[in-house]
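So you can see what is in the structure, the chains are spelled out below.
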Amino acid sequence: MSPSVAEQLLQRLERTPPGPEGGLCSLEAAAALGLDHQTLVGAVKSLQALGEVIEAETRATTRWELSAEGEEVLRDGSPEVRLFHSVPSEGLPQSDAMKLPGAQVGFSKAMANKWLRLDKGAPGGPRIFRAVSALPLPPSHPTGWWTLTLLGVLQVSTVQDVVQNSLRQVQEGNGDSLSERERTDLKRRKLLLEVTLKSYWIRKGSAFSTAVVRQETDLTPEMIATGSWRKLPFKAYNFSALGLPPTCGHLHPLLKVRSQLRQIFLEMGFTEMPTDNFVESSFWNFDALFQPQQHPARDQHDTFFLQDPAEAPELPAGYMARVKKVHSQGGYGSQGYKYEWKVEEARKNLLRTHTTSASARALYHLARQGKFTPVKYFSIDRVFRNESLDATHLAEFHQVEGVVADRGLTLGHLMGILQQFFTKLGISKLRFKPAYNPYTEPSMEIFSYHEGLKKWVEVGNSGVFRPELLLPMGLPESVSVIAWGLSLERPTMIKYGINNIRELVGHRVNLQMVYDNPLCRLDS
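Residues numbered from 1 in each chain as written. Predicted model: local features only at pLDDT ≥ 70, side-chain atom pairs only at ≥ 80, totals over all residues. Heavy atoms only, no water.

S.K.: I'm lost on the overall build of the protein in this one. Help?
M.R.: Looking only at helices and strands, the protein features 19 helices and 18 strands. Relative to the 2.2 N^0.38 estimate, which gives 24 Å for 524 residues, the radius of gyration of the protein is 43 Å and therefore markedly larger than a compact globule would have. When the backbone C-alpha atoms are referred to their principal axes, the protein occupies close to 125 × 95 × 45 Å. For the protein, the proportion of its 524 residues judged to be buried stands at 42%. Here the contacts in the protein between residues at least 6 apart in sequence split such that 66% fall between residues at least 24 apart. Looking at the protein as shown, the accessible area adds up to about 29,200 Å², and 52% of this sits on carbon and sulfur atoms. Of the side-chain charges in the protein, 59 are positive and 56 negative, and the distance between the mean point of each set is 4 Å. (Helix = DSSP H or I, 4+ residues; strand = E, 2+ residues; numbered from the N terminus. Rg over C-alpha atoms; globule rule 2.2 N^0.38 Å. Buried < 20%, exposed > 50% of the residue type's maximum accessible area, 1.4 Å probe, protein only. Contact = heavy atoms within 4.5 Å. Areas by Shrake-Rupley, 256 points an atom, 1.4 Å probe, with all protein chains shown as cover. Lys, Arg positive; Asp, Glu negative; His and termini not counted. Charge placed at Lys NZ, Arg CZ, Asp CG, Glu CD.)

This is the structure we're talking about:
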């Protein structure tokens, strides 16, 4: 059985003298063994993993090599010399000369060396002539020289292929004899490459041996049972080694669309509202929005109420009194709901059913500023409803909400903003349907055509906030507020062609789908 590369290297290293001067260059060793250098480097690394068998010091050497174009020049001559010999005694039209291989470089170099001249006034257009004439040289002359007749005097020409001669020196291993200027010029002409070679200087280690002993990496039950582990060499742990880099994370399609929606709102001049309270009181979630306490949505079949803490600790007293009055007695031109409003019901804590509760808080703080200033708010966050699960409904989902407060706003402004918003979202097939909401009048549902389901799907709700909601906050009577809310999940399903919402969120999600889906790029 032939020895391995590592064993061949150890046998060769054994014959080197001891001490710091003794050792092998990996390049020379690979050449002597007839191996590719990288193969020998692999053996060096495997021997290093065995412990102190060898010592390997990294070294770097620089050498010069000819590029593919340089090889061509070494074989056929430089472009300037080849062009010089291509020009006959009667000259050559410049247009024909420039079609020759390498003529672009060769012409400028030959002109700079004054080997050629250009007659721009020649009949038929510019014409190139030799500035010197060449005669054959006897074989005793150095290669690359020509005898020239200049003004009738026979002399040795300066038409020497210096480039070819310089490349020949590099090929013969004498590249260091070239001046720095010559090497720079050859590199600039892309004829010469500076190559850095990495190698190892290999010496015997403190535990040097020509026998390659495989080290164990795992302690097995059999080793423990038989006690053989006591006599076996184990590979030492490298606690400084870097572990495998973790695979990069992938954005879920919901996060991709959320990022794009947020960017659309910001481009339209909206300010993001704080929505950091998933737990909300019934007051802000329902009562402040002029939703009566006996409304079906406030039933436990539609809302998740909390047992601990069951009630909100405090509510704004003055504002709460005005809300109570408009619910039970009416006011601001409204007759109210005519029922006994209970603070106990308003204090009940729940998981918010919509982010409109955050809009109510934002508008309340706006009213307390004193002087009114128009605003545009938006929010994108999670809401919770006790829904029956199906292909388009979940008990936990995201709501996207936009609110605009200004004087003189109408339903036309709302439809215009919605059209602009959904167009930026890449949804152009829209329908608006009259609807009823306790806190908006007029109200509209927004539908978009789902290409996958082949039907119109509700994507949002909208309307103009009622005076019974705005005026108890303290906003001026001339101020109108238009608002809309939509699900984040449904536009995502439309964008990525997902037919079942349970394939987008939950345990049925295919992670490969998350990895493979492209970035969200909404059509403008």
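S.K.: Please clarify how the nonpolar core should be interpreted in this entry.
M.R.: Most often, soluble globular proteins keep nonpolar side chains buried together rather than apart. Leu-261, Phe-421, Phe-422 and Trp-484 are the most contacted members of the largest nonpolar core, which has 37 residues in total. Per-element tally for this core: the top contributor is helix 16 (residues 411–425), with six residues. Among residues more than four places away in sequence, those in contact with Phe-421 are Leu-261, Ile-264, Phe-265, Met-268, Trp-484 and Leu-486. By size, the runner-up hydrophobic cluster in this structure holds 33 residues, among which are Ala-288, Val-323, Leu-363 and Ala-483. (Core = buried A, V, L, I, M, F, W, Y, C linked by side-chain atoms within 4.5 Å.)

S.K.: Would you mind showing me how to read the side chain of Ser-487 here?
M.R.: By the secondary structure assignment, Ser-487 is in strand 18 (residues 479–487). Of note is the side chain of Ser-487, whose polar atom sits 3.0 Å from the backbone nitrogen of Glu-489. If we ignore the near neighbours within four places in the chain, the residues touching Ser-487 are His-398 and Val-459. (Polar contact = N/O pair within 3.5 Å; in protein donor to acceptor, adjacent residues only side chain to side chain.)

S.K.: How should the pattern of salt bridges be read in this particular structure?
M.R.: For side chains of opposite charge, pairing can occur when their charged atoms come near one another. Across all of its chains, the model carries 15 salt bridges by this definition. Glu-57 is the salt-bridge partner of Arg-203, the closest N and O atoms lying 3.6 Å from each other. Of this pair, Arg-203 sits in strand 9 (residues 192–204) while Glu-57 sits in strand 2 (residues 54–66); the two residues are 146 residues apart in sequence, bridging distant segments of the chain. Notably, a salt bridge pairs Arg-382 with Glu-396, separated by 3.0 Å at the nearest N-O pair. With Arg-382 in strand 13 (residues 375–384) and Glu-396 in strand 14 (residues 396–407), this pair connects stretches of sequence that are 14 residues apart. Residue classification places Arg-382 among the partly exposed positions, given a relative accessible area of 30%. Among the residues examined, Glu-396 registers a relative accessible area of 37% and is labelled partly exposed. Through salt bridges that share partners, Glu-55, Glu-57 and Arg-203 make up one connected network. (Salt bridge = Lys/Arg side-chain N within 4 Å of Asp/Glu carboxyl O.)

S.K.: Explain the environment of Lys-114 here, please?
M.R.: With respect to the element layout, Lys-114 can be found in the loop between helix 7 (103–112) and strand 4 (116–119). Separated by 16 residues in the primary sequence, Lys-114 and Arg-130 place their C-alpha atoms 8.9 Å from one another.

S.K.: Is there a simple way to think about the sheet that holds strand 4 in this case?
M.R.: Strand pairing in a sheet is mediated by backbone hydrogen bonds. Such pairs are either parallel or antiparallel. On the basis of which strands lie adjacent, the open sheet formed by three strands has the order 3-5-4 and antiparallel pairing. At either margin of the open sheet sits one strand with a lone partner, and together these are strand 3 (92–93) and strand 4. Two elements, strand 3 and strand 5 (residues 127–130), share two bridges in a ladder whose sense is antiparallel. Residue pairing across strands places Pro-93 opposite Arg-127, the latter belonging to strand 5. (Pairing = 2+ DSSP bridges.)

S.K.: It is not clear to me how the pairing of strand 5 should be interpreted in this structure. Could you clarify?
M.R.: Sheet faces and side chains relate simply in a regular strand, where the side chains alternate between the two faces. Sheet analysis places strand 4 next to strand 5, joined by four bridges and oriented antiparallel. Its bridge partner being in strand 5, Asp-119 is matched across the sheet by Arg-127.

S.K.: Even after reading the chapter, I still don't get a nonpolar patch on the surface, so can you show me in this structure?
M.R.: The grouping of Leu-219, Ile-224, Trp-229 and Phe-234 at the surface amounts to a nonpolar patch, some 380 Å² of accessible area in total. As for its placement among the helices and strands, Phe-234 is situated in the loop between helix 10 (221–226) and helix 11 (253–267). Residue classification places Phe-234 among the partly exposed residues on the basis of a relative accessible area of 31%. (Patch = residues over 30% accessible without salt bridge, like charges linked within 9 Å, V, L, I, M, F, W, Y side chains within 5 Å.)

S.K.: Just checking my understanding: could you explain the confidence of the model for the protein for this structure?
M.R.: Regions with low pLDDT carry predicted coordinates that are not meant to be interpreted in detail. For the protein, the average pLDDT comes to 83, and 92% of its residues sit at 70 or higher. Averaged over each element, pLDDT in the protein is lowest for strand 8 (residues 153–156) (39) and highest for strand 10 (residues 271–272) (94). The low-confidence segment residues 135–156, where pLDDT is below 50, has 41 contacts with residues more than four positions distant or belonging to other chains. (pLDDT = per-residue confidence, 0-100.)

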